[in-house]
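Coordinate inspection notes
Spelled out from the first residue to the last, the chains are:
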Amino acid sequence: MHRSTVICSLTIAALFSCVAGVATLEKRQASDSGIPTVDDVTNPVCKPFVAIRDAIMGDIFHAGGRCNDNARAAIRLSFHDAGTFSLSLEAAGEDNGGADGSFLVDPDEVLRTENNGMQNIVALLKPLPERFNVSAGDVLHLAGTLAVLACPGGPVVNTYVGRGPVKNVNPHNLIPDTHDTIPNIIDRFNDMGISVREAMALIGSHTCARQRFVDQAFANDTFDTTPEIWDIRFYSETKRNESDPGVFRLPSDLGFAQNSLTKDDYNRFVGSLSTQEDWAREYADAHEKMSLLGQDVKTLTDCTEIMPETIHLRDITVTSSGGAVDPAVDPGKLEAEIQRTRSIWLQ
Ligand code: HEM
C-alpha cells in the first residue's frame, strides 16, 4: 500500500508545482467488506462516484475481483486516451490529447487501427457520463483504476474526479507502436511527460494483457503465463524470452528488456515478492500521473477513498513455495480474498 505519493500537475504552467499527496491507505475508509459504502465516504464530491464504481465493477467487470477481458481493455483504454497528450503540441498551442475521455465522445477514435480491440469497452462505458451526470474523462479513468484492482495483485491507484468536458479529438499517430524503435517510443513517452522509469513501471500492466491484432495467427495469446494475476512475471519471462505456450512477446517489450535506454529501469522489476510490492507502488504512482495528463490536478478532487481494498499477492501465494522467486498463487486463498473483498459485485 502507498506510503505517500507525489502528485504533479501536468499543465505546462503548473508542471513544476508538485504537491505531496496523502497516504492512500489513510484516504480510504476500509469497511469490513473492504468496499467503502456511501456512508463511509467523507467527501461529498466523491459520494456519487460510489454508484459509478459499482456500475463498472458489477455490471462491466462481471464477477468483480477477477481480471476479465473488459478490465484488460479498460486499462489499455486509459493509456490510449491519456497517451495522446503531448508537451510539444501543447507548447505550440495545437490541439492536444490527454486524459479527458474523448474516446467516449468522438465516435471515430475507437475505429483507428491502433485502437482496435477497445470497441466493446468503449460501448459499455459510453452511456455512463450521461446516466450519472459526470464527465467522460472521469468515467474512463475511474474504469482504468478500478480495472487495475479487478486484477488480483493490482494496487490502489489514487483516483481523481472533476475533469471538464472533452476539448478536442485525440490527434493521430501519438500512441506508440510495438514495431517502432525503442528510442522513438521513449521520446514519445518523454513528450507525454512520462519518464523512462515510469514507462517501465507502466509497461508491467502487460502482465494482465492479451494480443489479437499484432499477429492474428496467435490471437488471444497473453504476455505472461499468469494473465489473471497482477504480478511481475511479465518482466522476468519477457527478459528470458523462452517459448511459453500461449504467450506472445511484443517486439517493444523485448526491446525494453535489452535496450541500453530502458534495461536498467526494466530490470528493477525482475525479482521476488518484495519486488512485486515495489512495482505495485511505482505502477500506481505512474498510472495516477497518466490519468492526469493534460489535466490540472489542483482543479480536481481526490476520491481514492471510494476504492476497494487491494488483494495483495503476498496473502494469496502458496506457503510451501520451495523458495521459488515467483511463488504460485494458491487458488483457495485467492478465492477467499475475492469473496472477502469483492463480495457485493460477485454474481
Ligand atoms: C510502448 C508502449 C506500448 C505498446 C507499444 C503497447 C502495445 C500493445 C499491444 C500491441 C497490445 C495488444 C493489442 C491487441 O492486439 O489486442 C497491447 C495490449 C495491452 N496494453 Fe499495451 N502497449 C504499450 C503500453 C501500454 C501501457 C502504458 C499500458 C497501460 C498502463 C498498456 C496496457 C495494455 C493492456 C492492459 C493490454 C491488453 C488489452 C486487452 O487484452 O484487451 N500498454 N499493448
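The name an unreviewed UniProt entry gives the protein chain is Peroxidase, with Marasmiellus scandens as the organism. UniProt's Sequence similarities (unreviewed entry) comment on the protein chain is quoted here verbatim: "Belongs to the peroxidase family. Ligninase subfamily."

When you go through the protein chain residue by residue, the secondary structure sums to 14 helices and 6 strands. Counting all 347 residues of the protein chain, 47% fall into the buried class. Taking the contacts inside the protein chain whose residues are at least 6 apart along the sequence as the reference set, 72% of them involve residues at least 24 apart.

Before going further, it helps to examine the confidence of the model for the protein chain. The pLDDT averaged across the protein chain works out to 89; a share of 88% of its residues lies at or above 70. For residues 1-26, every residue scores under 50 in pLDDT, and the model assigns this stretch 50 contacts once sequence neighbours within four places are set aside.

One way to put it is that helix H3 (residues 69-82) packs onto helix H7 (residues 136-150) with a least axis distance of 8 Å and a crossing angle of 135°. In terms of their interaxial angle, H3 and H7 are classed as oblique. Of the two possible hands of crossing, H3 and H7 adopt the one that is left-handed. Taken together, the residues of H7 that come into contact with H3 (itself represented by Ala-71, Ala-74, Ile-75, Leu-77, Ser-78 and Asp-81) are Leu-140, His-141, Ala-143, Gly-144, Ala-147, Val-148 and Ala-150. Considered class by class, the residues forming the contact of H3 with H7 number 9 nonpolar, 3 polar and 1 charged.

What follows deals with H7. The end-to-end C-alpha distance of H7 is 21 Å, a good match for the 21 Å that 15 residues give at a rise of 1.5 Å each. For H7, the buried fraction is high: 15 of the 15 residues fall into the buried class.

Another point: the site of the ligand. Taken together, 23 residues sit near the ligand, with Arg-72, Ile-75, Arg-76, Ala-209 and Phe-213 positioned nearest. Elements with a minimum of two residues in the shell around the ligand: H3 and strand E4 (210-211). With 5 residues, H3 is the largest single contributor of residues to the shell around the ligand. Its residues assigned to classes, the shell around the ligand shows 12 nonpolar, 6 polar and 5 charged.

The next point concerns the environment of Pro-251. Its place among the elements puts Pro-251 in helix H11 (residues 251-258). Look at Pro-251 and you get partly exposed, because 14 C-beta atoms sit within 10 Å. Sequence-distant contacts of Pro-251, that is, excluding residues within four places in its chain, are made with Thr-178 and His-179.

What follows is about unusual backbone geometry. One non-glycine residue with positive phi stands out, namely Asn-133, at about 55°. Take Asn-133: it is sitting in the loop between helix H6 (128-132) and H7. The class for Asn-133 is exposed, based on 8 C-beta atoms found within 10 Å. A positive phi angle, near 55°, is found at Asn-241, a position not held by glycine. On the secondary structure map, Asn-241 appears in the loop between helix H10 (233-240) and H11.

Ranked by internal contacts, the top residues of the largest apolar core, which has 77 residues, are Val-139, Ala-143, Leu-146, Ala-147 and Ala-150. Ranked by residue count, the leading element in this core is H7, at 10 residues. The residues contacting Ala-143, other than those within four sequence positions of it, are Ile-56, Ala-74 and Leu-125.

Rules behind the numbers
- Residues numbered from 1 in each chain as written.
- Predicted model: local features only at pLDDT ≥ 70, side-chain atom pairs only at ≥ 80, totals over all residues.
- UniProt positions renumbered as here; feature names shortened; annotations may be inferred.
- Helix = DSSP H or I, 4+ residues; strand = E, 2+ residues; numbered from the N terminus.
- Buried ≥ 20, exposed ≤ 12 C-beta atoms within 10 Å, placed from the backbone.
- Contact = placed C-beta atoms within 7 Å.
- pLDDT = per-residue confidence, 0-100.
- Axes fitted to C-alpha atoms, helices over the stretch in contact; angles between N-to-C directions.
- Parallel < 35°, antiparallel > 145°, perpendicular 65-115°, else oblique.
- Left-handed = near helix turned anticlockwise from the far one by under 90°.
- Nonpolar A, V, L, I, M, F, W, Y, C, P; charged D, E, K, R; others polar.
- Expected span 1.5 Å × (residues − 1).
- Near = placed C-beta within 6 Å.
- Core = buried A, V, L, I, M, F, W, Y, C linked by C-beta atoms within 7 Å.

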